[in-house]
Amino acid sequence: MFGYAESDYDLIAYSRFFSVYDDKIVYSSFHFDGFTVFDRFSGEVVETVGIKFSHAIPGGSRKDDSVTSASYNFLESVPILCGQYILAEISLGDYTDNFMYDPAISSFVTNSESSEGNYVFYPIGSWKDCYVSYISDKELYSGLVESGLERAPQDVEMALDSGNPVLIFYHMK
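Notes on the structure follow. (Residues numbered from 1 in each chain as written. Predicted model: local features only at pLDDT ≥ 70, side-chain atom pairs only at ≥ 80, totals over all residues. Heavy atoms only, no water.)

Strand order in the open sheet formed by 3 strands is β10-β11-β12, with antiparallel pairing between adjacent strands. On the outer flanks of this sheet lie β10 (123-127) and β12 (166-171), each paired with one strand and no other. Sheet twist, expressed as the mean angle between neighbouring strand axes with direction ignored, is 30 degrees. As paired elements, β10 and strand β11 (residues 130-135) share 4 bridges and run antiparallel to each other. Paired with Pro123 across the two strands is Ser133, which belongs to β11. (Pairing = 2+ DSSP bridges. Helix = DSSP H or I, 4+ residues; strand = E, 2+ residues; numbered from the N terminus. Axes fitted to C-alpha atoms, helices over the stretch in contact; angles between N-to-C directions.)

Following this line, the structure appears as C-alpha cells:
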C-alpha cells in the first residue's frame, strides 16, 4: 500500500507509529511529510494529509542520515487527532515543537499561540474531546507552570507532592 521495500527503514525512531481517535487509526512515517487516516474497523483509507513544510527534506534524501541533524522540518512522531484538531510534533532543526492545526484559520500554529497561554504539554494521546498528557513528577509540573501552564487543583498538586504522576485532560472546544 505504501510502496516500502523490504530493506526500507525510518531514520528516526518515532515514539509511536500509530495513534487512535474515535473510529480512526492514524499512521505516519519519516518517509512522508504527512499522515494517513484509516477507518479503525474496515481498514480503508479515510484520507491522506500532506503537510507542506517551509524547509522540507529534499526529495530522495530520506535515507541520508545527515538530514536528521540538518535544519529541515519533518514530523517527529505520528500526529494526534482530537475532534477537528491535529497536534503534531515537528522538528525545526535544532529543536522540536508542538504545533496545533487550528480549523478556524485552516493552518498550523505553535502550541502556545493556539492555547492563549495554556500550553498543551506533549500529549500521549486523546480521549473523547480531550488531549491527554502525562506529568511524571512535581519538578516537571513546576517548570510547566512557570512556562504558562495553568495551575492544577490542589488535590492534583498534592498527588504530585506525594510522588505520584498525573494525567492532564485538555478539553477541546
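Moving on: the sheet that holds strand β1 (residues 18-21). Sheets are built from strands that pair by backbone hydrogen bonding, the pairs being arranged parallel or antiparallel. Spatially, β1-β2-β3-β4 is the arrangement adopted by the 4 strands of the open sheet, whose pairing is antiparallel. Unpaired on one side and paired on the other, β1 and β4 (45-50) mark the two borders of the sheet. Each neighbouring strand pair of the sheet contributes to a mean axis angle of 20 degrees, computed without reference to strand direction. Bridge count for strand β2 (residues 24-27) against strand β3 (residues 34-39) is 4 bridges, and the pairing is antiparallel. Residue pairing across strands places Lys24 opposite Asp39, the latter belonging to β3.

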